[in-house]
Amino acid sequence: MDRPEGPLSGLLVADFSRVLAGPYATMLLADLGADVVKVEGPQGDETRTWMPPVRGDVSTYYLGVNRGKRSIALDLRDEADAAAARELAARADVVIENFKPGGLAKYGLDYETVRAANPRAVYASISGFGSGEGRHVPGYDLMVQAISGLMSLTGDPDGPPYRAGISVFDVMAGNHAVIGILAALRHRDATGEGQHVEVNLLSSALTGLVNHSSAYAAGGVVPYRMGNAHPSVFPYEPLPTADADLIVAAANDGQFRRLCEVLDLPDVPDDPRFARNADRTKNREELRPLLVERLKTRAAVDWFEALTKVGVPCGPINTIDGGFAMAERFGLDPVVEVGEGDRAVPTTRHPIRFSATPAAYRLPPPELDEHGAELRAWLTEDRDA
């Protein structure tokens, strides 16, 4: 019996997106077996030029979100190229784009036009602020981090607001786009009909702020910066040890009691000031020095070993290389190689494991228009041939 090629094998994805949210989404689809055709302008996806860092002379940013795809360069201002793009959309199971809302209409690549030629297509649009009143506002992750309120929550209480270290809402919106596409494909399986899936970064941000969003929406409370502290749980932050800070996340009474046992603080869990999470959160300034006094007697890695043995969540604050090393230690095999020979590129493993249809890493991130000739020839063939 042949090994399955992936749970999405047989799906054709026409990818008119660029930069991060859309390419991240289509890379995940490609890992799962979809045939993703990356449509780029003559100058290519701008992340090709976002460097350093580089691998050889290629941007590692571009390499990080474009494996598994074929590339065709099309100038949509040229009618022959626009016709090829429309033909690709007419054949695709999924069309994904992140132009400004309405920006593809002049090329006949908007949802209504694509739907008329291909009613089974799932058409996914990613924007910054939706297709309504916010449609004309450019959508960059940093803007959304500011506008959504995330930056107001990030940083020291008395310091300036900070952005997250990654484009967190681009990644979140990319994941939401994948969820929407898969749900719409399930609907198509049942009805034969495609539909328009819309994702915007601001909505992804507001749902992604989870407890902070709920604090405002349900409680009327506007959260504020607390550095690395948690507004509702303590201890749930970095605490100093003999050599480095250690994240300690004792989020329930049982975990806190085990923490105190390992720290040799047997009376603390029964102290009425610290007996319940609400008490510990209220009296955190009294509890913190008790914990720190004991933590400072041993190194962070020693406490990590001792605390994880009894089920207390904790961890050292690593640099990225340390994060990969920890994943290796846990047997997660975080790095896979895609491509062969000079084109081989180490890349991060797809995050989802399947028992029957595992992710595959078939193609390295494509060079600009690498597959243009074969794709143009295919698009001029009779669809039923």
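As the structure is a computational prediction, the values presented were derived from the model and not from experiment.

Engineer: What exactly am I supposed to notice about the packing of helix α5 (residues 141-148) against helix α6 (residues 168-191) here?
Structural biologist: Between two packed helices, what matters for the description is the angle formed by their axes and the separation of those axes. Packing of α5 against α6 brings their axes to within 7 Å, and their N-to-C directions diverge by 95 degrees. Judged by the angle between their axes, α5 and α6 are roughly perpendicular. Note on element contacts: α6 touches α5 through Val 168, Phe 169 and Asp 170, opposite Asp 141, Val 144, Gln 145 and Ser 148. A breakdown of the residues in the contact of α5 with α6 according to their chemical character gives 3 nonpolar, 2 polar and 2 charged.

Engineer: Mind showing me how you'd approach the environment of Asp 270 here?
Structural biologist: Relative to the helices and strands, Asp 270 is located in the loop between α9 (253-262) and α10 (277-282). Side chain to side chain, Asp 270 and Arg 257 meet in a polar contact 2.9 Å long.

Engineer: It is not clear to me how the pattern of salt bridges should be interpreted in this structure. Could you clarify?
Structural biologist: A side chain of one charge can pair with a side chain of the opposite charge when the charged atoms of the two come close. A full pass over the atoms with the stated rule returns 21 salt bridges. Residues Lys 38 and Asp 45 are paired through a salt bridge, measuring 3.0 Å at the closest nitrogen-oxygen approach. In this structure, Lys 38 and Asp 45 share a single accessibility class: buried. Here Glu 370 ties to Arg 343 by a salt bridge, and the two come within 3.1 Å at their closest N and O atoms. Note that Glu 370 is positioned in the loop between β13 (345-348) and α14 (372-380) and Arg 343 in the loop between β12 (335-338) and β13, a separation of 27 residues in sequence.

Engineer: Where do I start with the sheet that holds strand β9 (residues 236-240) in this structure?
Structural biologist: Neighbouring strands of a sheet are bound in pairs by backbone hydrogen bonds; such pairs are parallel or else antiparallel. Across the sheet, which stays open at both edges, the 3 strands sit in the order β9-β10-β11 with antiparallel pairing between neighbours. Two strands lie at the open edges of the sheet, namely β9 and β11 (314-316), each paired on one side alone. The average angle at which neighbouring strand axes cross in this sheet is 25 degrees, direction not considered. Sheet topology places β9 next to strand β10 (residues 245-249); 5 bridges connect them, and they run antiparallel. Across the sheet, Pro 240 pairs through a bridge with Asp 245, a residue of β10.

Rules behind the numbers
- Residues numbered from 1 in each chain as written.
- Predicted model: local features only at pLDDT ≥ 70, side-chain atom pairs only at ≥ 80, totals over all residues.
- Heavy atoms only, no water.
- Axes fitted to C-alpha atoms, helices over the stretch in contact; angles between N-to-C directions.
- Helix = DSSP H or I, 4+ residues; strand = E, 2+ residues; numbered from the N terminus.
- Parallel < 35°, antiparallel > 145°, perpendicular 65-115°, else oblique.
- Contact = heavy atoms within 4.5 Å.
- Nonpolar A, V, L, I, M, F, W, Y, C, P; charged D, E, K, R; others polar.
- Polar contact = N/O pair within 3.5 Å; in protein donor to acceptor, adjacent residues only side chain to side chain.
- Salt bridge = Lys/Arg side-chain N within 4 Å of Asp/Glu carboxyl O.
- Buried < 20%, exposed > 50% of the residue type's maximum accessible area, 1.4 Å probe, protein only.
- Pairing = 2+ DSSP bridges.

Everything listed is a geometric property; what it means functionally is a separate question.
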